[in-house]
Amino acid sequence: MNVENEVIEILRSTLNLPRDRVALSADTALLGSIAELDSMAVVSILTAMEERFGFAIDDDEVEGRTFESVGSLSRFVQDKLGA
Amino acid sequence: MSLDRPTRQSASYVRGSTGACFRLVTEPLDAAARGTVLWAHPFAEEMNKTRRMCARMARLLASRGWRVVQTDLSGCGDSSGEFRDADWQGWVEDMAGELEQVEALEPCWLWGVRAGALFASELTALRKDLNLLLWQPALQGSLVLQQFLRLHAGARIVGATPKPTGDDQASPAQRLKAGQTVEVGGYEISPALATGLQRATFDPAPDYRGRVLWLELSAAQPPVLSAPSRDAIQRLQQRGVHVVHETVAGPMFWQTQEIEDCDALLQRSIDLIAEASPA
């Protein structure tokens, strides 16, 4: 499983970011850069990640930094999967 | 999508569990309805997000001969009362009251959208032949509540609210447990509502004998049914319940940032309900 690609797919479907308009890679900044990412969207992404990867996320584990970039979010998932 | 036949709409207020509930009826203009479809709306903000799709569906159903009854639960939408005064049992009574209005002999569908599907447990106990049209049904109220309360954390994560200090550190879930009403995403939830929702599950009555149409949206290609739904459908089928399920590709319109449409869901709903209820 390529975590980064899966995370990108989740971001695309929850934030409605089509491939032809928005390029997403590890360096892409999220919070503060992508207008669609508000508190509702954060909730949708966390829930989608729980369903996709099969782990439970405690709200306290997540901070603004987690959503800094595609890379930071992917690392969060990788850590959860490795834990 | 076009309407087959002309329809009409009428609005009224009916007596609900704690006050007047707003009821919108959409039906064929010049023919007797072939049956009634009772709408059970989703929880809190999802009700707003799904308004457009539900309004389109209601008109389509009416144009195909159905009488569609859309009643806002107490404290929701255009009904009287405040959200903070609503509780789960009152909502069950609101829905039961609407079901009582339907003639026993006419075909009747409960159209449960997301958390609206949770009313199936009580309503199928009242009417064993109640058919279910389910849109992305929530199967456990506890998950609906958990996801909703998470909005509080979402606001903190995006920096919309400061990190709590001192007495504010208790999470919304902890404050509800302590008997306090909490405000999340502009909705005030009472401990009574939270407790009732938490206990609610999708579980049709033991001797249930209606038909079930189960529709989900999926972003995956090809679309796949979620694992919890697959298990729930299997349990129903093992009990001999007739379930038709289908997954269509489309946006998660109950939670997307912009209001989204999914014509495929409307079309498949209309087609499947027609197949299940031959004229």
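Whatever comes next refers back to the structure up there.
Parameters at a glance
- Residues numbered from 1 in each chain as written.
- Chains lettered and ligands numbered in written order.
- Predicted model: local features only at pLDDT ≥ 70, side-chain atom pairs only at ≥ 80, totals over all residues.
- Heavy atoms only, no water.
- Helix = DSSP H or I, 4+ residues; strand = E, 2+ residues; numbered from the N terminus.
- Rg over C-alpha atoms; globule rule 2.2 N^0.38 Å.
- Buried < 20%, exposed > 50% of the residue type's maximum accessible area, 1.4 Å probe, protein only.
- Contact = heavy atoms within 4.5 Å.
- Areas by Shrake-Rupley, 256 points an atom, 1.4 Å probe, with all protein chains shown as cover.
- Lys, Arg positive; Asp, Glu negative; His and termini not counted.
- Charge placed at Lys NZ, Arg CZ, Asp CG, Glu CD.
- Axes fitted to C-alpha atoms, helices over the stretch in contact; angles between N-to-C directions.
- Parallel < 35°, antiparallel > 145°, perpendicular 65-115°, else oblique.
- Left-handed = near helix turned anticlockwise from the far one by under 90°.
- 1 Å grid on protein atoms, 1.4 Å probe; cavity = no way out; pocket = protein on both sides within 12 Å on 5 of 7 lines; lining within 4 Å.
- Points joined across faces, edges and corners; volume = space filled by probe spheres on them.
- Salt bridge = Lys/Arg side-chain N within 4 Å of Asp/Glu carboxyl O.
- Expected span 1.5 Å × (residues − 1).
- Disulfide = S-S within 2.5 Å.

(A) Structural detail: the overall build of chain A. Helix and strand counts for chain A come out as 3 helices and 0 strands. For chain A, the sequential pattern of α-helices and β-strands runs α-α-α. For 83 residues, the compact-globule formula gives about 12 Å, and the C-alpha radius of gyration of chain A, at 12 Å, lands near that figure. The dimensions of chain A, computed from C-alpha atoms along their principal axes, are 35 × 25 × 20 Å. Scored against the burial criterion, the 83 residues of chain A give a buried share of 47%. Relative to all contacts within chain A whose residues are 6 or more apart in sequence, the contacts with residues 24 or more apart total 59%. Of the roughly 4,200 Å² of accessible surface on chain A, a fraction of 43% belongs to carbon and sulfur atoms. If the 7 positive side-chain charges of chain A are averaged to one point and the 16 negative ones to another, these points end up 6 Å apart.

(B) The arrangement of the packing of helix H1 (residues 3-15) of chain A against helix H2 (residues 39-53) of chain A in detail. All names here are of chain A. Packing of H1 against H2 leaves a shortest axis separation of 10 Å and a crossing angle of 135 degrees. Between H1 and H2, the angle falls in the class oblique. Seen from above, H1 lies across H2 with right-handed handedness. Residues Glu6, Val7, Glu9, Ile10, Leu11, Thr14 and Leu15 of H1 form the contact with H2, whose own contacting residues are Ala41, Ser44, Ile45, Ala48, Met49, Arg52 and Phe53.

(C) Up close: unusual backbone geometry. In this structure, Asn16 of chain A takes a positive phi of about 55 degrees despite not being glycine. Structurally, Asn16 of chain A is set in the loop between H1 and H2. Overall, Asn16 of chain A belongs to the partly exposed group, its relative accessible area being 42%. Although it is not a glycine, Ala44 of chain B sits at a positive phi angle of roughly 50 degrees. For Ala44 of chain B, the position within the fold is in the loop between strand E3 (35-40) and helix H1 (45-63).

(D) Highlighting helix H6 (residues 191-199) of chain B. Those residues of H6 of chain B that sit buried are Leu193, Ala194, Gly196 and Leu197 of chain B. Tucked inside the fold, the buried residues of H6 of chain B contact helix H2 (88-100), helix H4 (141-157), helix H5 (172-177) and strand E8 (187-189) of chain B.

(E) Focus on the layout of surface pockets. The volume enclosed by the largest pocket comes to roughly 1,400 Å³. Lining the largest pocket are 47 residues, and of these Ala48 and Glu51 of chain A together with Gln136, Ser226 and Met252 of chain B sit closest to its centre. Of all the secondary-structure elements, those providing two or more residues to the lining of the largest pocket are H1 and H2 of chain A together with H4, strand E9 (211-218) and helix H7 (227-238) of chain B. The element contributing the most residues to the lining of the largest pocket is H2 of chain A, with 6 residues.

(F) Main features of the pattern of salt bridges. Residue and element names in this part refer to chain B. Under the definition given, this model contains 19 salt bridges over all chains. Salt-bridge contacts for Glu46 lead to Arg114; the nearest nitrogen and oxygen are separated by 2.9 Å. Linking Glu46 in helix H1 with Arg114 in the loop between strand E5 (108-113) and helix H3 (120-126), this pair joins segments that are 68 residues apart in sequence. Given the relative accessible area of 16%, Glu46 is considered buried. The class of Arg114 is buried, set by a relative accessible area of 12%. Salt-bridge contacts for Asp261 lead to Arg56; the nearest nitrogen and oxygen are separated by 3.0 Å. With a gap of 205 residues between them, Asp261 in the loop between strand E10 (242-249) and helix H8 (263-276) and Arg56 in helix H1 connect regions that are remote in the sequence. For Asp261, a relative accessible area of 29% corresponds to the partly exposed category.

(G) Here's a closer look at the environment of Glu51 of chain A. Residue placement: Glu51 of chain A occurs in helix H2. Taking relative accessible area as the criterion, Glu51 of chain A reaches 63% and is therefore assigned exposed.

(H) Structural context of H2 of chain A. Between its first and last C-alpha atoms H2 of chain A spans 21 Å; for 15 residues at 1.5 Å apiece the expected length is 21 Å, and the two agree. Burial runs high along H2 of chain A: 11 of the 15 residues are buried. All of the buried residues in H2 of chain A are Ser39, Ala41, Val42, Val43, Ser44, Ile45, Leu46, Thr47, Met49, Glu50 and Phe53 of chain A. On its buried face, H2 of chain A sits against H1 and helix H3 (70-82) of chain A together with H4 of chain B. Just beyond H2 of chain A, the residue with positive phi is Gly54 of chain A, at close to 75 degrees.

(I) Spatial organisation of the state of the cysteines. Residue and element names in this part refer to chain B. Here the structure, examined in full by the defined rule, presents 0 disulfides over all chains. Cys76 supplies the cysteine sulfur nearest to Cys21, a cysteine that is in no disulfide, at a spacing of 8.6 Å. The thiol sulfur of Cys54 is not disulfide-bonded, and the nearest other cysteine sulfur, from Cys262, lies at 12 Å. Owing to a relative accessible area of 0%, Cys54 belongs among the buried residues under this scheme.

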